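Listed here are the chains, written in short residue letters.
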Amino acid sequence: MQQLYKKQIIVGISGGIAAYKSADLVRRLQDQGAIVRVVMTSGAQAFITPLTLQALSGFPVHTDLLDTDAEAAMGHIELARWADLVLIAPASANTIARLCHGAADDLLTTLCLATKAPVAISPAMNQAMWHNPNTQANLDTLRQRGTVVIAPGVGSQACGDVGPGRMPDSEVLVDAAIACLSRGSMQGVRVVMTAGPTREAIDPVRYISNHSSGKMGFALAEKLAEAGAHVTLISGPVSLDTPARVDRVNVVSAADMLDAVQQHIDSCDLFIAAAAVADYTPAQVANKKMKKGDDDMSIALVKTTDIVATVAALSNKPFTVGFAAETNDVVAYARGKLQRKGLDMIIANDVSDSRIGFNSDDNAVTVITADAETHIEQLPKRALAAALVEHIAPLFWRTHNP
Ligand code: C5P
C-alpha cells in the first residue's frame, strides 16, 4: 500500500552537503504515492542543481520569492496552501535559525510562515554546529511551536568529524513524513471534558439551571476527537448529538458531574471544563412537590464544589483548561480565575455580546495563559473549536513530552 498516496509534499532543500541525498528522498516519497514539489534555498543550489530536482519531481523547482513568472505560475501563498506537509531536508543551521525567528527573507522561510500544513525538518550539519547551544535553543523553540524535528544520524561526516549531524537515509525521512501526515495534533491524548448546564433539583418537578446550550463544549469535543484525542465528554442535560468517536457520560447535577469527573480523571492528560456548573444548589431537596402557599418563600442554597479547581489541585493534575463567561472586564476577571483556580489556561468570552452569547452559533474568545493572551475573532462555534484545538495543542505538548 502506498502510504503517501496523493499527499502533496513540499521538499525544502537548504544549503549543505547532504543536499545530494534529497534527490533520492524525492524518489522515495514518490514511491509511496506522494506528489512532490521542491523548494530550494540559494545555498542548496550550490550543492545540487534545480534541474536535477525538476527532472525527478516532474515540476519546476521553486527557488525565488520575488520572481514574477514563478509567482504567476504558483505563488508562495498558493504553494503554502497546496502542501499537506513541508519536509525540509537537509535543514541547515542557518535555515533552522531563520525558521526559529520567523524570517521571511526567501521562498522557503516565507512558505513555512504561510502554511497551515505540518512542518518537519531534518537537521544536517557539522557536529560542532549541531552541539552549539544556539542551534539547540532554536530547535527547542521550533519543537515547542509544533515543528517536527527529525533526529540526525551519528557517524563520520563529510568534513572529517565524527558525531551527530548526518541526514538520515531516505527511508527514515519517508517514515517521518508518514507519521506526520497520519498524526492529528492531539493524537493519543486522553481528554476528559465537561459541557452543558447542570440542573439542581428543588423538588421532584423543579430545578435551578442556566442557559448553557453545550454547543461550544460539544464542538470542542468533536474537533479534539478529529485531531486524534480520546475524549470522554461529561455532559449536563442538552439536546445535542454525541460527536463521532466521543464517549459521553450524561449527568444532571453539579454533584453528579463532580462524581463522574472524579471517576475518569486519573487516566487523563487534559481536562477541559466547558460546563456552566451551578455555583449553588438547594440545601435540601424536598421529596414531594412543594405546595404554593400565600406567603413568599425562600430557598436556602449551599455552594457546589468547584470541579475545575478540584482537578487543578490534584497532585498528578492533568493540563487543566477552564472557561470564563463574563459580561465586563472579561480578560481581567478571567485572569483572576486562572490564578485562583490554579488553571493552565482559561478561555474567556463576553456573554454580554448577543452575537456570541450563550445560545448563539458563533463565539469569539480570548485564550489566556500565565504569560500570554491570544484573541480568536468571531467564528461559528465549530470553526472556533478547530482554532482552539490548534491553539491548545502546542501548549499542551510543551508540558507533556511524548
Ligand atoms: O467561577 P466560574 O464559575 O465563573 O468559573 C468558570 C469555570 O469553572 C468553567 O470552566 C466552569 O466549567 C468551571 N466550574 C467548575 N465547577 C463549578 C463552577 C465552575 O468546574 N462548580
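Because the structure is predicted, anything quoted here is derived from the model rather than measured.

**Q** Can you walk me through the nonpolar core in this structure?
**A** The nonpolar side chains of a soluble globular protein tend to be buried with one another. Formed by 36 residues in total, the largest nonpolar core has its most connected members in Met186, Met193, Leu224 and Leu270. Of all elements in the fold, only strand 8 (190–195), helix 10 (215–226), strand 11 (230–235), strand 13 (270–273), strand 16 (319–326), strand 17 (345–350), strand 18 (362–369) and helix 14 (381–399) reach the threshold of two or more residues within this core. When residues of this core are assigned to their parent elements, the largest contribution, 8 residues, is made by helix 14. Contact partners of Met193, with chain neighbours within four places excluded, come to Gly217, Leu220, Ala221, Leu224, Val231, Thr232, Leu233, Ile234, Ile272 and Ala274. Among the nonpolar cores identified, the runner-up in size contains 32 residues, and Ala44, Val61, Ala89 and Cys180 belong to it.

**Q** I keep staring at the packing of aromatic side chains and nothing clicks. Help me out?
**A** The way to describe two aromatic rings as a pair is by their centre distance and the angle between their planes. Evaluation of the coordinates by the stated rule reveals 2 aromatic pairs. A ring pair is formed by Phe319 and Phe396, whose centres lie 6.0 Å apart and whose planes are at 85 degrees; its orientation type is edge-to-face. Note that Phe319 is positioned in strand 16 and Phe396 in helix 14, a separation of 77 residues in sequence. Centre to centre, the rings of Phe396 and Trp397 are 5.0 Å apart; their planes meet at 75 degrees, and the pair counts as edge-to-face. A residue is classified by how much of its surface remains accessible, and Trp397, at 26% relative accessible area, is partly exposed. Here a set of aromatic residues connected by ring pairs shows up, and it is made of Phe319, Phe396 and Trp397.

**Q** What is the right way to read the sheet that holds strand 1 (residues 8–13) from this model?
**A** In any sheet, the strands associate via hydrogen bonds between backbone groups, in a parallel or an antiparallel arrangement. Pairing is parallel across the open sheet formed by 5 strands, whose spatial order is 2-1-3-4-5. On the outer flanks of this sheet lie strand 2 (35–40) and strand 5 (148–149), each paired with one strand and no other. Of the strand pairs in this sheet, strand 1 and strand 3 (residues 85–91) are connected by 4 bridges, and their pairing is parallel. By the bridge assignment, Val11 is partnered in strand 3 with Leu87. Relative to the sheet, helix 2 (residues 50–57) contacts strand 1 and strand 2, its axis offset from that of strand 2 by approximately 170 degrees.

**Q** Just checking my understanding: could you explain helix 10 for this structure?
**A** Within an α-helix, residues lying three or four positions from one another point in the same direction, as the helix has 3.6 residues per turn. Helix length check: helix 10 (12 residues) gives 16 Å between terminal C-alpha atoms against 16 Å at 1.5 Å per residue, within 8%. Helix 10 sits mainly inside the fold: 10 of its 12 residues count as buried. Buried within helix 10 are the following residues: Met216, Gly217, Phe218, Ala219, Leu220, Ala221, Glu222, Lys223, Leu224 and Ala225. Of the residues one or two after helix 10, Gly228 is the one with positive phi, at around 100 degrees.

**Q** How do you make sense of the state of the cysteines when you look at a structure like this?
**A** Between two cysteines, a covalent bond joining their sulfur atoms is known as a disulfide. All told, the structure shown has 0 disulfides when counted by the stated rule. Of all cysteine sulfurs in the structure, the one in Cys112 sits closest to Cys100, which takes part in no disulfide; the separation is 13 Å. According to the relative accessible area criterion, Cys100 is buried, its value standing at 7%. No disulfide involves Cys112; its sulfur sits 13 Å from the nearest other cysteine sulfur, which is in Cys180.

Basis of the calculations
- Residues numbered from 1 in each chain as written.
- Predicted model: local features only at pLDDT ≥ 70, side-chain atom pairs only at ≥ 80, totals over all residues.
- Heavy atoms only, no water.
- Core = buried A, V, L, I, M, F, W, Y, C linked by side-chain atoms within 4.5 Å.
- Buried < 20%, exposed > 50% of the residue type's maximum accessible area, 1.4 Å probe, protein only.
- Helix = DSSP H or I, 4+ residues; strand = E, 2+ residues; numbered from the N terminus.
- Contact = heavy atoms within 4.5 Å.
- Phe/Tyr/Trp six-rings, centres within 6.5 Å; stacked < 30°, edge-to-face > 60°.
- Pairing = 2+ DSSP bridges.
- Axes fitted to C-alpha atoms, helices over the stretch in contact; angles between N-to-C directions.
- Expected span 1.5 Å × (residues − 1).
- Disulfide = S-S within 2.5 Å.

Read these as layout, nothing more, since geometry by itself doesn't imply function.
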